[in-house]
Amino acid sequence: MPLVRPAAIMESHGCCSVKDADNTSETSMSMFGSDATCTSQSSSGELEYELDSQSRDMVGYDSDKMKLKLQELEKVLLDDNAANDDNQSMEIEGGLSDTTCYALHHDSMMESSSSDSIPSIISTPKELSFTTPKSLLFECAAAIQNGYCHEASQMIDVLRQRVSIQGEPSDRIAAYMVEALVARMATSGRGLYKALKCKSPPSSDRLSAMQVLFEACPCFRFGFMAANGAILETCRYETRVHIIDFDINQGSQYYTLLQTLAKTRGERPHLRLTGVDDPESVQRGVGGLNIIGERLVQHAKDLQLSFEFHAVAAETALVSPSMLGCQPGEALVVNFAFQLHHLPDESVSTTNLRDQLLRMVKSLRPKLVTLVEQDVNTNTSPFLLRFAEAYSYYSAVFASLDATLGRDNQDRINVEKHCLARDIINVVACEGEERIERYEVAGKWKARMSMAGFNPRPISGEVYVEIQKLIKQYSDRYKVKQETGTLHFGWEDKMLILSSAWT
């Protein structure tokens, strides 16, 4: 494959290269400007992108037009209700005009005094057709990293013709990774996440999809089970137990917990559950925290359990001990299930909300803290490494769904579109505070919990054995292993979810 000279690229195409917002090394990030919107699904079910003819005629950077395009992108790309339910793919109109790309390159250079001019090996159009989608994806990511806009666009055109969100797992993950790369090229990662408003409360479609994901991908379910096992052990000799959860989601973890508690012999404790969520989502009519609480109360009543629910309407980072209603004589349990990775840490801000929350929880003197998280590093890794980590991780997730749901199953399509695709786009396209899907590996969580003053409490052997039995009902390709008290759940050799307990 021919070597593309950076100077030639810079002369013929506008490109932008800035440092990774999360790293101070000489590794540089490439971020591009584009006029992009989303349209309805193509009949082929492929992900296709078209150049916006208006962007070709631009003679300068028009911030108003860019703002309008971002609003349109927000409305369709990541708005769960924007597309018709029959749509099974996303399309983004808008390409990279040379003038737009150059303008954002100029803006980014105002923030970074250095520019990466490391040459990259890029295939010719003829060679692209003989490259595997996976290889082409990584070559495209490298081109974006080094600022080769035109070459990256050529690769994306080829990829759109070769992958589909309705194909094999390898095709489906590739299709959404392409979406993520184009999103990174569409505008600077610094502003993308804010423009798309991904922090808005999830719609009913996304909530339903998340529920299906937790049920269809056993690794998520087993993570909840391991946490519940540790909680039930704590409840065994207590008369009053207070659980604080900073992200209940749709309450599926607690339906199972209540059912298991109801089958327990002997006297069962009074259980009080406090759920924390932002003020808007607490009151929403579909899937709101108050609605979830009412359902859990009714479920406990049907099971003849003593139970009460308390909703705290506050942003997680703003929660104070006085808001949680802790009472003397209660065994306090704090559950972090797929929540902590959303909080920025020291790599994003000196405030370090992640460790700040852990220290606040430690001050409550809980009897138990449970942690369930994705087992992958998308937090501090530079772009290319993060891209590789995301590809490896989500490839395993897509493959695992293939074992439980048919490829044409609408629930599966919804899960991939409303849950996985959104996370992939955030991991790949965004930087700084706009990237909130900041997962960490088990060792980093262990260090973080220890620094906050917590000590590990091994998940019991009984829970481990029970989960091993359940795994066999799904597929022998699902795996569980126990390391230093932490349970890891995965697909084949790729660990996906970790569950641990702390005191």
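Attention in this report is confined to the structure presented alongside it.

What counts and how
Residues numbered from 1 in each chain as written. Predicted model: local features only at pLDDT ≥ 70, side-chain atom pairs only at ≥ 80, totals over all residues. Heavy atoms only, no water. Helix = DSSP H or I, 4+ residues; strand = E, 2+ residues; numbered from the N terminus. Contact = heavy atoms within 4.5 Å. Areas by Shrake-Rupley, 256 points an atom, 1.4 Å probe, with all protein chains shown as cover. Salt bridge = Lys/Arg side-chain N within 4 Å of Asp/Glu carboxyl O. Buried < 20%, exposed > 50% of the residue type's maximum accessible area, 1.4 Å probe, protein only. 1 Å grid on protein atoms, 1.4 Å probe; cavity = no way out; pocket = protein on both sides within 12 Å on 5 of 7 lines; lining within 4 Å. Points joined across faces, edges and corners; volume = space filled by probe spheres on them. Nonpolar A, V, L, I, M, F, W, Y, C, P; charged D, E, K, R; others polar. Pairing = 2+ DSSP bridges. Axes fitted to C-alpha atoms, helices over the stretch in contact; angles between N-to-C directions.

## Describing the overall build of the protein chain
Move 1: Along the backbone of the protein chain there are 19 helices and 15 strands.
Move 2: Long-range pairs, those at least 24 residues apart, make up 80% of the contacts in the protein chain with a sequence separation of at least 6.
Move 3: Per element, the accessible surface of the protein chain, about 21,100 Å² overall, is 49% carbon and sulfur.

## Description of the pattern of salt bridges
Move 1: A full pass over the atoms with the stated rule returns 20 salt bridges.
Move 2: For Glu233, the salt bridge is made with Arg457, and the minimal N-O distance between the two is 3.8 Å. One end of the pair, Glu233, is in helix 11 (residues 218-235); the other, Arg457, is in the loop between helix 18 (442-451) and helix 19 (461-471), and 224 residues separate them in sequence.
Move 3: Given a relative accessible area of 23%, Arg457 falls into the partly exposed group.
Move 4: We note a salt bridge from Arg412 to Asp402, for which the minimum N-O separation is 2.7 Å.

## A word on empty space enclosed by the protein
Move 1: Under the counting rule described, the total for this entry stands at three cavities of 30 Å³ or more.
Move 2: Of the voids in this model, the second largest cavity is the one considered here, and its volume is about 40 Å³.
Move 3: In terms of lining, the second largest cavity is formed by ten residues, of which the most central are Ile248, Asn249, Asp277, Leu289 and Ile292.
Move 4: Counting residues per element, the ones that place at least two in the lining of the second largest cavity are strand 9 (270-277) and helix 14 (289-302).
Move 5: A breakdown of the residues in the lining of the second largest cavity according to their chemical character gives four nonpolar, three polar and three charged.

## Details of the sheet that holds strand 14 (residues 486-491)
Move 1: Taken together, the eight strands give an open sheet; going across it, the order is 10-9-8-11-12-15-14-13, and neighbouring strands pair in mixed fashion. Only two strands of the sheet have a single neighbouring strand rather than two, namely strand 10 (307-313) and strand 13 (478-483). In this sheet, neighbouring strand axes are inclined to one another by 15 degrees on average, regardless of whether the strands run parallel or antiparallel.
Move 2: Strand direction decides the pairing type here: strand 8 (residues 240-245) and strand 11 (residues 331-337), joined by five bridges, are parallel. In the sheet register, His242 faces strand 11, and the bridge partner there is Leu332.
Move 3: Sheet contacts for helix 11: strand 8, strand 11, strand 12 (368-374), strand 13, strand 14 and strand 15 (494-502); angle to strand 12, the most-contacted strand, approximately 175 degrees.
Move 4: Across the sheet, helix 16 (residues 383-402) is in contact with strand 12, strand 13, strand 14 and strand 15; its angle to strand 15 comes to roughly 95 degrees.

Interpretation in functional terms is not warranted from these geometric data alone.
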